[in-house]
Amino acid sequence: MAHAHPVKRHTGLMDWLTTVDHKKIGILYLIAGGFFFLIGGLEALLIRVQLWKPLNNFVGADTYNELLTMHGTTMIFLAAMPVIFALMNAIVPLQIGARDVAFPFVNSLGFWTFFFGGLLLNISWLAGTVPDAGWTSYVPLASPTYNVDKGVDFYVLGLQIAGIGTLIGGINFLVTIINMRAPGMSFMRMPMFTWTAFITSALILFAFPALTVGLVALMFDRLFEANFFEVAGGGNTVLWEHIFWIFGHPEVYILILPAFGVISEVISTFSRKRLFGYSSMVFATVLIGFLGFMVWAHHMFTVGLGPVANALFSIATMLIAVPTGIKIFNWIFTMWGGSIRFTSANLFAVGFVPTFVMGGVTGVMLAAAPADFQYHDSYFVVAHFHYVIVGGLVLGLFAGLHYWWPKMFGRALNEFIGKLTFWTFFIGFHLTFFVQHFLGLMGMPRRIWTYLDGLGFNTMNLISTIGAFLMGLGTIFFIINIIVTAAKPKNAGNDPWEDGRTLEWSIPSPAPEYNFAQTPLVRGYDALWKEKMDGNEGMSPAEPIGPIHMPSPSILPFLMSVGLFIAGFGFLYAKNDWNNAFVSNIFGNHIVAGLGLAITLGCMVVRSLKDDHGFHIEPEEITGKGVKA
Amino acid sequence: MSAHSHLDGKLPHEPERATLEGRNKVLGFWLFLGGETVLFGTLFSAFLALRDQVGDGNPTSQELFKLATVAIATVILLTSSLTSVFAIQAMHRGQVKAMQNWLIVTVVLGLAFLGLEVYEFIEYTHEGHQFSTSAFSSSFYTLVGFHGAHVALGVVWISLLIGQVYRKGLTVVTAPKVYVAGMYWHFIDVVWVFIFTVVYLMGKVG
Ligand code: HEM
Ligand SMILES: [Cu+2]
């Protein structure tokens with residue numbers, strides 16, 4: 001039944017706006033996430049410039065609060081999350097031997113809503129009214145009583161829209177991994193990165209709706225005079241903290257688990273050894289995901305929940321260190337006795353291990369509730385979460401990008417510049433954040449825009465600022481590497497590291513549109529490595545060559561997200577003092593907001609009514625020959 | 001026409017699971033409902049935390065709630081769940097006409113429920129229970145309103161599906177859509193059972 005349906009295949013910009021190909025969507029995530037990373041990084045450097053000496057006047061207190069808030073929010077939601085999604089999109093379907101994700105259309109929708117949500121949030125800089133209540137946006141600081149301009153509205157609406165994208169992206173990956181695995185790819189043969197992508201997606205599914213509700217409640221308080229967090233109306237400010245952290249703590253594991261997956265792949269490949277304790281790794285990942293939901297109140301030890309609650313949350317938090325420790329030992333034992341190659345990808349992975357351990361140790365220190373009364377809201381906490389997020393997640397992302405770059409783009413990154421990137425970034429990172437532990441212990445509070453002379457803070461803050469610039473230099477090296485590499489010929493082979501173990505290395509780099517000409521038959525864990533050991537040339541196919549069905553591209557996801565963007569804008573400026581009667585009318589009566597929502601809903605209806613038959617790629621095109629296979 | 005239409009007439013017993021796309025859709029929707037459960041769970045928690053914050057001089061839940069109206073609404077919505085089951089059963093028997101009719105009944109019942117809810121909300125606002133009156137009122141309208149919005153969306157969605165099946169017939173493409181809409185409708189119903197208990201019954205006894 002290979003009758004082809006006529007389908008428009010776009011080129012150029014239109015191709016990128018309409019693509020439903022997970023590999024291209026991965027690249028879009030990478031570009032957008034990278035862009036927001038640069039913005040967040042710039043904000044971080046401005047923060048560090050302000051703090052390099054006591055009583056500095058580089059930026060004022062208000063601007064400082066805005067920079068700090070936007071730095072945290074951007075890095076977590078708009079930089080780290082999308083780059084994780086970039087790797088998941090680029091690699092997970094390849095690792096399970098799938099031709100596509102379960103919902104290509106929804107996948108593209110996820111990207112565009114994230115992108116327009118992030119754009120809305122960052123437009124606040126141009127609008128001149130920037131969120132300034134911290135990435136945690138605690139009330140009453142973020143309430144309409146104490147935060148009168150539109151900054152927090154941008155936060156609420158931008159994150160709401162971006163959050164929708166993340167949520168549907170998570171569902172897409174869950175279904176993809178459950179339903180689309182190649183024959184023989186049982187759950188306990190799945191590569192570690194796919195496993196972590198699976199658990200992370202599950203955490204997204206169960207954590208993000210809580211954030212949605214929190215943001216809706218805050219939005220209602222701010223825009224429609226609700227009383228969720230308004231104490232005068234009977235509201236409860238601690239409720240916000242609970243809702244935020246019920247989402248927020250799982251979120252930090254959403255971030256770190258994929259990094260665990262990357263590190264497992266990279267270390268195993270470059271040690272030329274099977275991952276040590278694979279099943280205990282899987283178990284630890286699941287357990288971390290599970291426990292991640294029971295510890296949120298460790299962010300609230302000083303709120304006064306009482307000794308019983310604090311003790312329980314304290315113990316639950318410390319428990320997480322157990323599965324995490326299992327992982328650390330497994331990585332070390334994987335390297336043990338292996339023939340290790342220190343490629344730049346592996347340098348990042350090996351650098352990750354001790355760095356992340358340090359973050360874990362301070363985590364357990366923070367988990368001791370009585371001690372946390374001392375650490376809380378000090379630079380010690382800042383040091384802790386940067387060790388786990390930058391020293392953990394970001395090093396993991398760098399490792400993954402260097403490792404999979406040839407698979408994504410067909411060209412390997414330059415190894416020399418890669419190593420330069422690693423060393424500058426790694427040293428810069430430790431310079432920046434190691435001293436912050438001691439600043440915290442000496443009593444320097446977090447989230448302050450300046451400090452007095454003579455408190456003993458000066459030298460360490462200077463060191464921290466120098467380190468931050470070194471990290472910036474490392475990032476510049478990485479960008480140079482991308483440019484240099486892009487200018488080189490596209491000559492990466494199927495298995496450019498030669499020691500590839502998993503399915504993505506059995507197909508050309510970059511992967512063709514349909515990924516696998518023939519669905520592979522998986523005969524064990526480390527599917528490709530097993531075939532190599534058995535002396536086979538690549539994977540054996542599970543099916544004859546035949547026409548391959550592909551989904552058609554669509555502009556609807558883009559339009560739907562534009563609709564949400566317009567709606568967000570409409571709500572934001574509903575109560576604005578426009579000096580034009582017409583404009584004030586269409587915003588004030590929610591006509592703009594309604595129009596935006598109508599665009600989105602209209603596109604949904606079109607999508608439902610119009611059947612997507614997709615198109616077929618014929619065997620001749622797949623084999624590159626005119627003959628039938 | 002469609003590549004799938006040749007399946008018409010000899011549709012498999014569970015047409016919603018006949019294709020990989022269909023199976024993906026059903027599984028994806030189950031997961032989506034998992035997320036929705038967390039969403040409503042959080043709304044319920046917020047309501048429970050705030051429901052006693054009525055404020056001075058504002059009507060309490062005992063004064064406001066009229067169990068008779070709510071009970072009728074409950075019966076209507078529960079019945080609509082049953083009729084949606086009949087629709088899916090008809091689909092499994094391949095009786096497209098019966099399926100269409102049961103879906104229409106479901107939509108009508110959904111509309112009746114919405115009508116009662118709107119009437120109820122208008123009554124409440126007249127009695128001084130407005131969205132911004134108190135923490136109780138805000139969390140009440142948010143929780144019940146979220147549910148109501150879900151019902152409204154379901155009504156529009158199922159209506160569109162009725163039209164779609166009318167035009168395209170029951171195929172392995174349309175069947176998963178109908179099935180998934182049925183799942184959604186049950187979910188809304190279950191949420192309402194909790195709202196009825198937690199908001200109205202518990203609100204009445206204090
Ligand atoms: C062994 C594992 C870990 C433990 C025991 C732990 C424990 C803690 C505790 C108790 C706090 C609260 C400190 C306070 O505010 O006084 C905290 C804060 C934080 N942790 Fe961890 N943590 C661990 C791992 C991680 C990981 C893997 C990440 C992220 C990838 C992370 C990210 C954060 C962040 C972002 C904060 C600060 C949030 C804020 O107040 O802005 N932690 N951690
Ligand atoms: Cu936490």
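Every residue gets a number counted from 1 within its own chain, in the order that chain's sequence is written. Here chains are named by letter from A upward and ligands by number from 1 upward, in the order in which they appear as written. A pLDDT threshold of at least 70 governs which residues receive local features in this predicted model, and a stricter bar of 80 or more applies before side-chain atom pairs are shown or counted, although totals over entire chains, interfaces and linings include all residues. In computing side-chain properties, one takes all heavy atoms of the structure into account and sets aside hydrogens as well as water.

**Describing the domain arrangement of chain A**
Residues and elements named next belong to chain A. Segmentation of chain A into domains returns domain 1 (12-554 + 612-624) and domain 2 (559-611). Either an automatic procedure or a domain database provided the assignment from which the domain bounds are taken. If you average the C-alpha positions of domain 1 and of domain 2, the two centres end up 31 Å apart. Any pair of residues with heavy atoms lying within 4.5 Å of one another is described as a contacting pair. Taken together, the contact pairs 23 residues of domain 1 with 16 residues of domain 2. Sorting the residues of domain 1 by area buried against domain 2 places Phe105, Phe116 and Lys150 first, and these three jointly supply 29% of that buried surface. Salt-bridge detection follows one rule: a side-chain nitrogen of Lys or Arg within 4 Å of a carboxyl oxygen of Asp or Glu. Of the charged contacts, one joins lysine 575 and glutamate 225 as a salt bridge, the two residues approaching to 4.0 Å between their closest N and O atoms. N or O atoms within 3.5 Å of each other form a polar contact, as long as, within protein, one can give a hydrogen and the other can take it, and as long as residues adjacent in sequence are counted only when both atoms are side-chain atoms. Taken together, the connections running from domain 1 to domain 2 amount to three residue pairs in polar contact (both at pLDDT 80 or more). For the side of domain 1 that touches domain 2, the secondary structure elements donating two or more residues are helix H4 (104-127), helix H5 (151-179) and helix H6 (192-224). Tallied by class, the residues present in the side of domain 1 that touches domain 2 amount to 15 nonpolar, three polar and five charged. Once two parts are joined, some of their accessible surface, as seen by a 1.4 Å probe, is lost; buried area is that loss totalled over both. Numbering of helices and strands runs from the N terminus, with a helix taken as a DSSP run of H or I at least four residues long and a strand as a DSSP run of E at least two residues long. When residues are grouped by polarity, Ala, Val, Leu, Ile, Met, Phe, Trp, Tyr, Cys and Pro land in nonpolar, Asp, Glu, Lys and Arg in charged, and all others, Gly among them, in polar.

**A word on the interface of chain A and chain B**
Between chain A and chain B, the contact holds 36 residues from the first and 36 residues from the second. When residues of chain A are sorted by the area they lose upon contact with chain B, Val213, Phe228 and Leu609 of chain A head the list and together hold 17% of the total. Counting across the chain A and chain B interface gives zero salt bridges. In this structure, the connection of chain A to chain B is made through eight residue pairs in polar contact (both at pLDDT 80 or more). Among the elements that make up the side of chain A that touches chain B, the one with the highest residue count is H6 of chain A (nine residues). Class assignment of the residues belonging to the side of chain A that touches chain B gives a composition of 22 nonpolar, 11 polar and three charged.

**A look at the packing of aromatic side chains**
Centre-to-centre distance and the angle between the planes together describe a pair of aromatic rings. Residue and element names in this part refer to chain A. For this analysis, a ring pair means two rings from Phe, Tyr or Trp (six-membered ring only for Trp) whose centres lie within 6.5 Å, classed as stacked if their planes differ by under 30 degrees, edge-to-face if by over 60, and tilted for the remaining angles. Across all of its chains, the model carries 84 aromatic pairs over all chains by this definition. Judged by centre distance (5.1 Å) and plane angle (55 degrees), the rings of phenylalanine 276 and phenylalanine 333 are tilted. One end of the pair, phenylalanine 276, is in the loop between helix H7 (237-271) and helix H8 (278-291); the other, phenylalanine 333, is in helix H9 (residues 307-335), and 57 residues separate them in sequence. For the exposure calls, accessible area comes from a 1.4 Å probe over protein chains only, and a residue counts as buried if that area is under 20% of its type's maximum, exposed if over 50%, partly exposed in between. By relative accessible area, phenylalanine 333 is classed as partly exposed at 34%. For the pair phenylalanine 429 and phenylalanine 433, a centre-to-centre distance of 5.4 Å together with 45 degrees between the ring planes defines the contact as tilted. One end of the pair, phenylalanine 429, and the other, phenylalanine 433, are both in helix H13 (residues 415-441), four residues apart, so they sit about a helical turn from each other. On the accessibility criterion, phenylalanine 429 (1% relative accessible area) is buried. Geometrically, a lysine NZ or arginine CZ counts as sitting over a ring once it is within 6 Å of the ring centre and also within 35 degrees of the ring normal. Note that lysine 24 overlies the ring of tryptophan 16, its terminal NZ or CZ placed 6.0 Å from the centroid. For arginine 181, the ring lying beneath its charged end belongs to phenylalanine 187, and the centroid distance is 4.0 Å.

**Focus: the environment of phenylalanine 342 of chain A**
Residues and elements named next belong to chain A. By secondary structure assignment, the location of phenylalanine 342 is in the loop between H9 and helix H10 (344-367). Among the residues examined, phenylalanine 342 registers a relative accessible area of 45% and is labelled partly exposed. Note: C-alpha distance between phenylalanine 342 and phenylalanine 270 (72 residues apart in sequence) is 7.4 Å. Setting aside chain neighbours within four positions, we find phenylalanine 342 in contact with Leu347, Val350 and Lys419.

**A short note on the coordination of the copper ion (ligand 2)**
Ideal values for angles at a metal depend on the geometry: 109.5 degrees with four tetrahedral donors, 90 or 180 degrees with six octahedral donors. All names here are of chain A. Here the copper ion (ligand 2) is held by His249 (ND1), His298 (NE2) and His299 (NE2), and the distances to it run 1.8 to 2.1 Å. Sites may look incomplete because water is not among the atoms; the donors themselves are N, O and S atoms within 2.8 Å of the metal, or within 3.2 Å for Na, K and Ca. Written as a sequence motif, the donor residues of the copper ion (ligand 2) are H-x48-H-H. Here the copper ion (ligand 2) and the iron atom of ligand 1 are spaced 4.5 Å apart. With histidine 249 in helix H7 and histidine 298 in the loop between H8 and H9, this pair connects stretches of sequence that are 49 residues apart. With a relative accessible area of 4%, histidine 249 lands in the buried category. Assessed through its relative accessible area of 14%, histidine 298 is described here as buried.

**Structural notes on helix H4 (residues 96-126) of chain B**
Any helix carries an expected span of 1.5 Å times its number of residues minus one. For H4 of chain B, built from 31 residues, the straight-helix expectation of 45 Å at 1.5 Å per residue is met to within 8% by its first-to-last C-alpha distance of 45 Å. Phi for glycine 128 of chain B, located one or two positions after H4 of chain B, is positive at around 90 degrees.

**Some thoughts on unusual backbone geometry**
Across the chain, the bulk of peptide bonds are trans and the bulk of non-glycine residues have phi less than zero. All names here are of chain A. In the segment running from valine 139 into proline 140, the intervening peptide bond is cis, with an omega of 5 degrees. Take proline 140: it is sitting in the loop between H4 and H5. Here the bond from serine 509 into proline 510 is cis, since omega is -10 degrees, no more than 30 degrees from zero. For arginine 447, which is not glycine, the phi dihedral falls at a positive 60 degrees. Summarising the element assignment, arginine 447 is placed in the loop between H13 and helix H14 (458-486).

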